[in-house]
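# Observations on chain architecture
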Amino acid sequence: MQASSQGWAPFETTLGICAVAWGANGILAMQLPEVDAGATQARLLKASGVLALAPPPPAVARAIAAVQALLAGQLADLGADACMESVALDMQRITDFQRRVYAATRRIPPGQTRTYGELASELGNKNSARAVGHALGLNPFAPIVPCHRVLGAAGKPCGFSAHGGVVTKLRMLQTEGAALGGTDSLFTQ
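Read on for an overview of the structure. Since this is a predicted model, take the numbers as computed values, not measurements. (Residues numbered from 1 in each chain as written. Predicted model: local features only at pLDDT ≥ 70, side-chain atom pairs only at ≥ 80, totals over all residues. Heavy atoms only, no water.)

## Focus on the overall build of the protein
Counting secondary structure elements, the protein contains seven helices and five strands. Reading the helices (α) and strands (β) of the protein from amino to carboxyl end gives β-β-β-α-α-α-α-β-α-α-β-α. Looking at the protein residue by residue over its 189 residues, the buried ones come to 48%. Taking as baseline every contact in the protein between residues at least 6 positions apart, the subset at least 24 positions apart corresponds to 58%. As displayed, the protein offers around 9100 Å² of accessible surface, 54% of which is attributable to carbon and sulfur atoms. (Helix = DSSP H or I, 4+ residues; strand = E, 2+ residues; numbered from the N terminus. Buried < 20%, exposed > 50% of the residue type's maximum accessible area, 1.4 Å probe, protein only. Contact = heavy atoms within 4.5 Å. Areas by Shrake-Rupley, 256 points an atom, 1.4 Å probe, with all protein chains shown as cover.)

Okay, structure coming up:
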């Protein structure tokens with residue numbers, strides 16, 4: 001079957017079944033695993049619109065491979081990685097503020113974190129931390145837009161809308177080797 005210019009596809013990761021939707025202008029949405037594959041599909045299609053199941057085009061297949069690598073513990077930087085440069089994110093349904101938040105979030109390298117307040121300050125309004133959090137709660141591109149790397153005040157892990165909430169956020173950060181609060185790593189063996 002030939003790759004389609006629009007559609008959606010599920011894919012396996014170490015966290016479970018993820019899914020991606022794409023259209024003529026790039027990736028419409030990427031979904032981290034939900035409680036089961038049906039819930040993952042439903043949440044993806046709610047964010048992207050109803051699309052047919054289809055084989056992904058090469059650029060989307062590269063994005064899938066990069067996400068699989070990241071979630072498997074390889075330090076794939078989805079914000080700057082060469083394979084991601086050729087994958088456009090279709091932000092037609094996204095507000096200008098969300099675009100700015102997502103661009104700033106994509107600049108956070110694997111293994112590092114920022115707070116909502118730090119992102120708000122970077123965007124020019126230190127009092128907009130809640131708005132930054134709201135924008136990240138609506139993020140349709142996780143983990144390409146790595147909202148799991150954004151923490152609450154004083155580096156507190158909070159506010160993650162993927163299935164499993166903060167536990168999933170911590171697991172993703174652990175996979176990247178992120179340190180919180182000056183510790184060497186989130187978890188010790």
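## Considerations on the environment of Gly159
Along the chain, the position of Gly159 falls in the loop between strand 5 (150-151) and helix 7 (165-176). Residue class for Gly159 comes out exposed when judged on its relative accessible area of 57%. Placed 22 residues apart in sequence, Gly159 and Gly137 show a C-alpha to C-alpha distance of 7.4 Å.

## Thoughts on the pairing of strand 2 (residues 16-23)
Counting buried residues along strand 2, six of its eight residues qualify, which places the element largely inside the surrounding structure. Relative to strand 2, strand 1 (residues 7-13) is paired through seven bridges, and the arrangement is antiparallel. Bridged to Trp8 within strand 2 is Ala21. The antiparallel hairpin formed by strand 1 and strand 2 contains two residues in its connecting segment. Sheet topology note: the strand 2/strand 3 (residues 26-31) ladder contains five bridges and is antiparallel. (Pairing = 2+ DSSP bridges.)

## Let's talk about the sheet that holds strand 3
Within the open sheet, the three strands sit side by side as 1-2-3. Their pairing is antiparallel. Across the chains shown, the open sheet's two edge strands, defined by having one partner strand only, are strand 1 and strand 3. On average, adjacent strands in this sheet sit at an angle of 25° to one another, irrespective of strand direction. Running at roughly 25° to strand 1, helix 2 (residues 58-71) makes contact with strand 1, strand 2 and strand 3 of the sheet. (Axes fitted to C-alpha atoms, helices over the stretch in contact; angles between N-to-C directions.)

## Digging into the pattern of salt bridges
On inspection of all chains with the given rule, the structure shows three salt bridges. Salt-bridge contacts for Glu34 lead to Arg43; the nearest nitrogen and oxygen are separated by 2.8 Å. One salt bridge in this structure joins Arg149 and Glu176, with 2.9 Å as the shortest N-O distance. Here Arg149, found in the loop between helix 6 (129-137) and strand 5, pairs with Glu176, found in helix 7; they are 27 residues apart in sequence, far enough to count as distant. (Salt bridge = Lys/Arg side-chain N within 4 Å of Asp/Glu carboxyl O.)

## Here we look at the nonpolar core
The biggest cluster of nonpolar side chains holds 41 residues, and the ones touching the most others in it are Ile27, Leu136 and Phe141. Those elements giving two or more residues to this core turn out to be strand 1, strand 2, strand 3, helix 2, helix 4 (96-106), helix 5 (116-122) and helix 6. Top contributing element to this core by residue count: helix 2, with seven residues. In contact with Phe141, other than residues within four places in its own chain, are Ile27, Leu28, Ala29, Met30, Leu89, Asp90, Met91, Ile94 and Tyr102. The next biggest cluster of nonpolar side chains, apart from the first, holds eight residues, and it includes Ala19, Ala21, Leu28 and Leu45. (Core = buried A, V, L, I, M, F, W, Y, C linked by side-chain atoms within 4.5 Å.)

## Observations concerning helix 7
Taking 1.5 Å of rise per residue, 12 residues should cover 16 Å, and helix 7 covers 17 Å from first to last C-alpha, within 8% of that figure. Where helix 7 is concerned, the buried positions are Gly165, Thr168, Lys169, Leu170, Met172, Leu173 and Glu176. One or two residues past the end of helix 7 sits Gly177, with phi positive at roughly 75°. (Expected span 1.5 Å × (residues − 1).)

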